[in-house]
Amino acid sequence: MTTILSSSKNNWNKTWLLVIPFLFIFSVFKYSDAIFSAEMSLANEGDGLGTIAGIFALQDLVQHEGLGYVFSDLAKFSNHGQALSEAGPFSQFWKIVSVTIGYFFSPQLTYDLVGMLGYFFSAVAAFYLFSYLGANRLISLVLAIALVSMDNTIARAYSHLFGLGVMFAPILVVMTTAIASNNPSRKWLIVLALVHIFNFNVNEYYGYFGVFYTISFFIAQTAINARKVDWKELVKNLTIASIVFVSALILLYPNVIGQSLLLKLGIISEISNKGGTHVHEWGAFTFYSVQKIHALFESDISFIQNLLDKERFSNDLWEMSYRIGFVLPVSIVLICYHIVLIQGRKSVDFLLKLAPWCLATLVSLCFALSPNYKISLVSLTYEIAPMFRVATRSLLYFNIGLFSILVISLVHLISILDKKAESEERFKKYSISAFALLLVLLVHNDVSRLDFFEKIPTLKLDTQSPYTVLSDRENGILVEVPYLSPKKSPPEQSYPYLFNRLFHKKILANQIYTGSNNKKYIDDLDSLSESINQLDEGFLNKLITNGVKYFAVEDNYSQTKLTLDNSRDVELIAEEKGVSIYVVKGEKSVKENNINRFLLNMFSQRVMN
């Protein structure tokens, strides 16, 4: 008799015809408040707002630089507040996604659609993983939705959506790792290498931690099967796969990785791109690591919360968005205990099957744990990859690993109980199936703060902007006031200025200048900030002479507003929503579309003065 946890491979093709449309419709439903509303979006501030603006900036850049720019591993948005910044790494995957979807939809809707499609593809990948591990369609479906509805998906919807907010690539890494370690043929090891490359390109953090997940899994699986391994063939296949991985990584990142490697090998003497990745201090690594391991197991079920120490099982660190809940790990322990109790020594094969999953999952946890824990591997990341400061992001593999261990354990337990039940005991078999379904629904209820049919939260995004008055005017440099200083303001405070470019489409004089590679002009920008925010007639003339054509001033900057109102060289053309917009009059206007030249001229005049 077929129970809810049994599966027939002959029926999987038919299953996909039902599952994929269902998951797509379900994903559209989950994100419908964002994608079907002009006023609501997944994000309206912070990194989410900056990403929406970045979609516009990329389209604007491709329009001027050509489509070939999409395939570079670097990006520099000079007209978009990064004129002075060194070019930084930028995934080709997200460039292609942004340009392709953005060709048909507005940047706001493109952002929301990426969220929905990321949820959909992650759910499909999770469904495939759990079905590969032996779970039936319904169990796979519920657990797939549970995995992709965790805190990380909700939190990243309005911040770091591109990359960190979607998990289909890491799920593919976990699944391909399991397949290739069981069948380490040349074909599967090369496929695994290419999946890792894809994972890197979707998000470098997940790519980095994914490599260690695979290594630890593969070591455990190979050790278990050591007597059956053809070591000569394995070494040869691993060597070929490694060459494919490194070659593809260099081809994909010729500036970020390729030149650095060539420099270390002595083939070149200097790196043409002085930017590259940012290097962080040790303090950032300890701050963004797991200080309280109990916080990972915070429950979202009220009666369980009442049983636990709330202070111990909570964490205020925003990056701790990988909470796994209490029900799932406890279920694994109880199921495994029950299996050992029933099977005794026969359970050794089952435990050996779990061993690679447990080791890889534990290693992922160690990469996230604070150095206060003796098993922490944060110091290893600091030594070999100092650009990856947020250790907690390794926990995504910890989560996927625990979900996989639950599936393997549950499938094994149900198969044992099914065999024990006599063929005529239908009630007992259905009871076993009902228990399994109730358990995974409880897991969903605990790991996700959203109910099963609850939609992803949305935020009001104001698209009725006063800046549209500039959209049809001649291109030129616009100064936003306050002009924020990199010494005194975090870059996120300038993201609304980037978003305003969607409406005025002009060159932004304000600069986001941050990171270890960008130090040279901090004092110059700080001085420029003070002069613009307390604008006088003399400095206004300098700005106009050097090419500023437009000003947008917040109402509470009275000194700057007074100077502009009293000037004969500028004209007020709009005053709405706390912002006054001015245009330099035609006879005084100086045509300057090179933002770098404008800024450097302003800095040089400051030095001369």
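A brief structural summary.

Parameters and conventions
- Residues numbered from 1 in each chain as written.
- Predicted model: local features only at pLDDT ≥ 70, side-chain atom pairs only at ≥ 80, totals over all residues.
- Heavy atoms only, no water.
- Helix = DSSP H or I, 4+ residues; strand = E, 2+ residues; numbered from the N terminus.
- Rg over C-alpha atoms; globule rule 2.2 N^0.38 Å.
- Buried < 20%, exposed > 50% of the residue type's maximum accessible area, 1.4 Å probe, protein only.
- Contact = heavy atoms within 4.5 Å.
- Areas by Shrake-Rupley, 256 points an atom, 1.4 Å probe, with all protein chains shown as cover.
- Lys, Arg positive; Asp, Glu negative; His and termini not counted.
- Charge placed at Lys NZ, Arg CZ, Asp CG, Glu CD.
- Core = buried A, V, L, I, M, F, W, Y, C linked by side-chain atoms within 4.5 Å.
- Salt bridge = Lys/Arg side-chain N within 4 Å of Asp/Glu carboxyl O.
- Patch = residues over 30% accessible without salt bridge, like charges linked within 9 Å, V, L, I, M, F, W, Y side chains within 5 Å.
- Phe/Tyr/Trp six-rings, centres within 6.5 Å; stacked < 30°, edge-to-face > 60°.
- Pairing = 2+ DSSP bridges.
- Axes fitted to C-alpha atoms, helices over the stretch in contact; angles between N-to-C directions.

Moving on, we come to the overall build of the chain. Broken down by element type, the chain carries 25 helices and 9 strands. In summary, the chain has a C-alpha radius of gyration of 28 Å against a globular reference of 25 Å for 609 residues, a match within 12%. Taken along the three principal axes of its C-alpha coordinates, the chain extends 95 × 55 × 45 Å. A total of 609 residues make up the chain; the buried ones form 54% of that total. Partitioning the contacts of the chain with sequence separation of at least 6, the portion at a separation of at least 24 is 77%. With an accessible surface of roughly 27,600 Å², the chain has 59% of that area assigned to carbon and sulfur atoms. Across the chain, the 51 positively charged side chains and the 50 negatively charged ones have centroids separated by 10 Å.

We now examine the nonpolar core. By size, the foremost hydrophobic cluster in this structure holds 151 residues, and its most contacted members are Leu 129, Phe 130, Leu 143, Leu 147, Trp 357, Leu 395 and Phe 403. With 16 residues, the single largest contributor to this core is helix 19 (residues 395–420). Excluding anything up to four places from it in sequence, Leu 147 contacts Ala 126, Phe 130, Met 167, Ile 171, Ile 400 and Phe 403. Val 481, Tyr 513, Ile 522 and Leu 528 belong to the second-largest nonpolar core, a separate cluster that totals 31 residues.

So, on to the pattern of salt bridges. In this structure the tally under the stated criterion is 15 salt bridges. Arg 449 serves as the salt-bridge partner of Glu 298, at 3.6 Å between the closest nitrogen and oxygen. Of the two residues, Glu 298 sits in the loop between helix 14 (282–287) and helix 15 (302–305) while Arg 449 sits in the loop between helix 20 (426–447) and strand 4 (459–460), which places them 151 residues apart along the sequence. Residue classification places Arg 449 among the partly exposed positions, given a relative accessible area of 38%. Among the charged side chains, a salt-bridge network with shared partners connects Asp 151, Glu 298, Asp 300, Arg 323 and Arg 449.

Time to look at unusual backbone geometry. Residues apart from glycine generally show negative phi values, whereas peptide bonds are mostly found in trans. The residue after Val 481, namely Pro 482, is reached through a cis peptide bond having omega 20°. Note that Pro 482 resides in the loop between strand 5 (477–481) and helix 21 (495–504). A positive phi angle, close to 60°, is found at His 160, a residue other than glycine. Among the secondary structure elements, His 160 is positioned in the loop between helix 7 (151–156) and helix 8 (161–164). Of note, Lys 577 is a non-glycine position whose phi angle comes to about 55°, a positive value. Relative to the helices and strands, Lys 577 resides in the loop between strand 8 (570–576) and strand 9 (579–584). Lys 577 gets classed as partly exposed once you look at its relative accessible area, which sits at 46%.

On the surface, Leu 67, Phe 71 and Ile 96 cluster together into a nonpolar patch covering about 310 Å² of accessible area. Topologically, Ile 96 is positioned in helix 4 (residues 92–104).

Looking now at the packing of aromatic side chains. Going through the model one piece at a time under the given rule, you end up with 38 aromatic pairs. Centre to centre, the rings of Phe 287 and Tyr 288 are 4.9 Å apart; their planes meet at 85°, and the pair counts as edge-to-face. When the ring of Phe 499 is compared with that of Phe 503, the centres are 5.4 Å apart and the planes differ by 75°; the resulting orientation is edge-to-face. Separated by 4 residues within a single helix, Phe 499 and Phe 503 lie in helix 21, roughly one turn from each other. The two residues Phe 499 and Phe 503 agree in class, both being buried. Among the aromatic residues, those joined into a ring-pair cluster are Phe 24, Phe 93, Trp 94, Tyr 111, Phe 120, Phe 121, Phe 162, Phe 168 and Phe 198.

The next point concerns the environment of Leu 74. Looking at the element boundaries, Leu 74 is found in strand 2 (residues 74–75). Residues Leu 74 and Asn 255, spaced 181 residues apart in sequence, show a C-alpha to C-alpha distance of 7.4 Å.

A word on the sheet that holds strand 9. Taken in spatial order, the 5 strands make up an open sheet running 6-5-7-9-8, and their pairing is mixed. Each edge of the sheet is formed by a strand with only one pairing partner; in this case those strands are strand 6 (507–508) and strand 8. Here strand 7 (residues 548–554) pairs with strand 9 via 5 bridges, running antiparallel. Paired with Phe 551 across the strands is Tyr 582, a residue of strand 9. In the packing of helix 21 onto the sheet, contacts are made with strand 5, strand 6 and strand 7, and the angle to strand 5 comes to roughly 135°. Packing of helix 23 (residues 537–546) onto the sheet brings it into contact with strand 7, strand 8 and strand 9, and relative to strand 7 it is tilted by some 135°.

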